[in-house]
Each structure stands twice: as C-alpha cells, then as structure tokens.
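Residue-level structure breakdown
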Amino acid sequence: MTLSPNSRLARMIALAIPGLLLGGAYISQYGFGLYPCEMCWWQRWPHFAAVALAALAFVTEPRKVLTALAALAILTSGLIGFFHAGVEYGWWPGITSCAAIFSESSGNALEDIMNTPLVRCDEPAWTLFGISLAGYNFLISTVSAFVVLVLLRKDAKA
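Nothing here was measured: the structure is a model prediction, and the numbers come from that model. (Residues numbered from 1 in each chain as written. Predicted model: local features only at pLDDT ≥ 70, side-chain atom pairs only at ≥ 80, totals over all residues. Heavy atoms only, no water.)

Take the nonpolar core next. Membership of the largest hydrophobic core comes to 14 residues, with the highest contact counts inside it found for Ala10, Ala14, Ala50, Ala70, Ile74 and Val148. Those elements that provide at least two residues to this core are α1 (5-32), α2 (38-59), α3 (63-88) and α5 (133-157). For this core, the leading source of residues is α3, giving five residues. Residues Cys37, Met39, Val119 and Cys121 belong to the second largest nonpolar core, which totals five residues. (Core = buried A, V, L, I, M, F, W, Y, C linked by side-chain atoms within 4.5 Å. Buried < 20%, exposed > 50% of the residue type's maximum accessible area, 1.4 Å probe, protein only. Helix = DSSP H or I, 4+ residues; strand = E, 2+ residues; numbered from the N terminus.)

Structure below.
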C-alpha cells in the first residue's frame, strides 16, 4: 500500500526522534559521564519501543497503526520525563531517589559497593537554560508525538 506524504513524514519522525534522543542519552552517558538515574531509564524504555514500532512500520502492515503506536510510546516517554522533571524541580516527591552505577569488580565486594556511585533522581545531572534533560525529553517527545499523530490524522480526514 502506498503511503501519503503525511504518513511517510510521520513514520520518519516516529523513527528519528526516539532514535536521536536515545543516541543523545548514550552520548551524554558514555561521552560525558552523565549516568542515568532510575527514572531516566524509565524514559528510555518507551523510546526503545517506539524505534522498534516505527522500524516495523517501514517493513510491514498496518503501517499507520504501527506509526501511531510509536507516537504513543514517544508520548509515554515524554510524560515520564514530565514527572521526572517535576521531581527534579521539587514540585512533587519522586518514587525513587537514586540508582547505582555498577563498575568493574575489584574482587572485594564491600569495596565495590562503597565505591559505586549513586545517581539521584531528584537532582538534575545537567541543565541548559534551567531545563533538565528530563525536561527536554518531555518537550521534544511530547511535541513530536503530537506532530506524528496530527500528520496521521490529516490522512484519516483526506
């Protein structure tokens, strides 16, 4: 089945945005040492699902349904990002406070535990213009999910 330009664009956005956000997360983690807290990981899982769903939309039917599901996964990540940003800004308490970053074993279990850094969910690792990474995930994911859904809706009306 041939897709309209709107559906093709929606499918591209649904694949590109979570892929780029995940790429940025891994670059910040491994390139700059900004390790994810537990809620950061919660934001990544829907993006993994969105990439898989959008990729499937390139190879199998129903393409529009798969693209819409990818958009909902992106939106889910954005909403988790909103919650996480609220915890970072102190608007509400978080469900969790930190995550352990496991490092290589030295052979001494107690020393390994004591030297394992903790990443707090209520303290942003990095901000730009007062917006944390979770806040940017909320903004980018929410806007892109709505753009994908609007593009698909335009085809439904046509």
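The contact between α1 and α2 brings their axes to 8 Å, and the two run at 140°. For the pair α1 and α2, the crossing hand works out as left-handed. Where α1 abuts α2, its residues Arg11, Met12, Ala14, Leu15, Pro18, Gly19, Leu21, Leu22, Ala25, Tyr26 and Gln29 lie against Trp41, Arg44, His47, Phe48, Ala50, Val51, Ala54, Ala55, Ala57 and Phe58. Split into classes, the residues belonging to the contact of α1 with α2 amount to 16 nonpolar, three polar and two charged. (Axes fitted to C-alpha atoms, helices over the stretch in contact; angles between N-to-C directions. Left-handed = near helix turned anticlockwise from the far one by under 90°. Contact = heavy atoms within 4.5 Å. Nonpolar A, V, L, I, M, F, W, Y, C, P; charged D, E, K, R; others polar.)

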